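Okay, here's what each chain looks like letter by letter:
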Amino acid sequence: MQIASYIFSNCTTGDSVIPDDTFSSNTELLSIAGFFSGINNFKFDGEFPSSNLFKNNTKLENISNLFYGCIDCNIKLLGDGFTTCNLKDVSKAFSYSGVYGIIPFHLFYMPK
């Protein structure tokens, strides 16, 4: 699978977690644009991205609108979570979401 865009957009859910292996086993993944966007009552409360979430996604280019409109989330952003990716579009990835705290050093760091 190369495109996993807007899969859960505007769904309704309760307390939620994002398992570390959600994306990492798909080495062909190019886009997860809007994957979690607009989920009603999405009560994700945690750190994002974990160091393993995208570890094998070397072709991932698009995370635009990833959490757009997830106002019920409490997302603490971490650095160095996208180091193996090839991001080109991160527009509105966290817009209108429950991001709190600081924007971390190396949030979109990709050393290649």
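Cut-offs applied
Residues numbered from 1 in each chain as written. Predicted model: local features only at pLDDT ≥ 70, side-chain atom pairs only at ≥ 80, totals over all residues. Heavy atoms only, no water. 1 Å grid on protein atoms, 1.4 Å probe; cavity = no way out; pocket = protein on both sides within 12 Å on 5 of 7 lines; lining within 4 Å. Points joined across faces, edges and corners; volume = space filled by probe spheres on them. Nonpolar A, V, L, I, M, F, W, Y, C, P; charged D, E, K, R; others polar. Helix = DSSP H or I, 4+ residues; strand = E, 2+ residues; numbered from the N terminus. Buried < 20%, exposed > 50% of the residue type's maximum accessible area, 1.4 Å probe, protein only. Polar contact = N/O pair within 3.5 Å; in protein donor to acceptor, adjacent residues only side chain to side chain. Contact = heavy atoms within 4.5 Å. Phe/Tyr/Trp six-rings, centres within 6.5 Å; stacked < 30°, edge-to-face > 60°. Pairing = 2+ DSSP bridges.

**A few points about the layout of surface pockets**
Where empty space is left can be seen by rolling a probe of water-molecule size over the atoms.
Then, in step 1: Taken as a whole, the largest pocket spans an internal volume of roughly 170 Å³.
Then, in step 2: Around the largest pocket, the lining residues are Phe-8, Cys-11, Thr-12, Thr-13, Val-17, Ile-18, Pro-19, Thr-22, Phe-35, Phe-36, Ile-39 and Phe-42.
Then, in step 3: Of the residues in the lining of the largest pocket, the class split is 9 nonpolar, 3 polar and no charged.

**Some words on unusual backbone geometry**
Then, in step 1: Here the bond from Phe-48 into Pro-49 is cis, since omega is -10°, no more than 30 degrees from zero.
Then, in step 2: Positive phi, close to 70°, is recorded for His-106, a residue that is not glycine.
Then, in step 3: With respect to the helices and strands, His-106 occurs in the segment after strand 4 (99-100).
Then, in step 4: Judged by its relative accessible area of 25%, His-106 is partly exposed.

**Points about the side chain of Asn-26**
Then, in step 1: Its place among the elements puts Asn-26 in the loop between strand 1 (15-16) and strand 2 (43-48).
Then, in step 2: Judged by relative accessible area, Asn-26 falls into the buried class, the value being 14%.
Then, in step 3: Separated by 3.1 Å, the side chain of Asn-26 and the backbone nitrogen of Glu-28 make a polar contact.
Then, in step 4: When near neighbours in sequence (up to four residues on either side) are disregarded, Asn-26 contacts Met-1 and Asn-57.

**Quick look at the packing of aromatic side chains**
Then, in step 1: Under the criterion given, the structure shown has 14 aromatic pairs.
Then, in step 2: Arranged with centres 5.3 Å apart and planes meeting at 10°, the rings of Phe-23 and Phe-54 form a pair that is stacked. On the criterion of sequence distance, the pair formed by Phe-23 in the loop between strand 1 and strand 2 and Phe-54 in the loop between strand 2 and strand 3 (74-77) is long-range, its members being 31 residues apart.
Then, in step 3: Taking relative accessible area as the criterion, Phe-23 reaches 4% and is therefore assigned buried.
Then, in step 4: Residue Phe-54 is classed as buried on the basis of its relative accessible area, which comes to 1%.
Then, in step 5: Centre to centre, the rings of Phe-67 and Phe-94 are 6.0 Å apart; their planes meet at 15°, and the pair counts as stacked. With a gap of 27 residues between them, Phe-67 in the loop between strand 2 and strand 3 and Phe-94 in the loop between strand 3 and strand 4 connect regions that are remote in the sequence.
Then, in step 6: Taken together, the ring pairs in this structure connect Phe-8, Phe-23, Phe-35, Phe-36, Phe-44, Phe-48, Phe-54, Phe-67, Phe-82, Phe-94 and Phe-108 into an aromatic cluster.

**A word on the pairing of strand 3**
Then, in step 1: Burial along strand 3 is one-sided: the face carrying Ile-75 and Leu-77 is buried and the face carrying Asn-74 and Lys-76 is not.
Then, in step 2: In terms of strand pairing, strand 2 meets strand 3 through 4 bridges, oriented parallel. When the bridges of strand 3 are listed, Asp-45 appears paired with Asn-74.
Then, in step 3: One ladder, built from 2 bridges, connects strand 3 with strand 4; its direction is parallel. From the neighbouring strand, Lys-76 faces strand 4, where its bridge partner is Tyr-100.

Everything listed is a geometric property; what it means functionally is a separate question.
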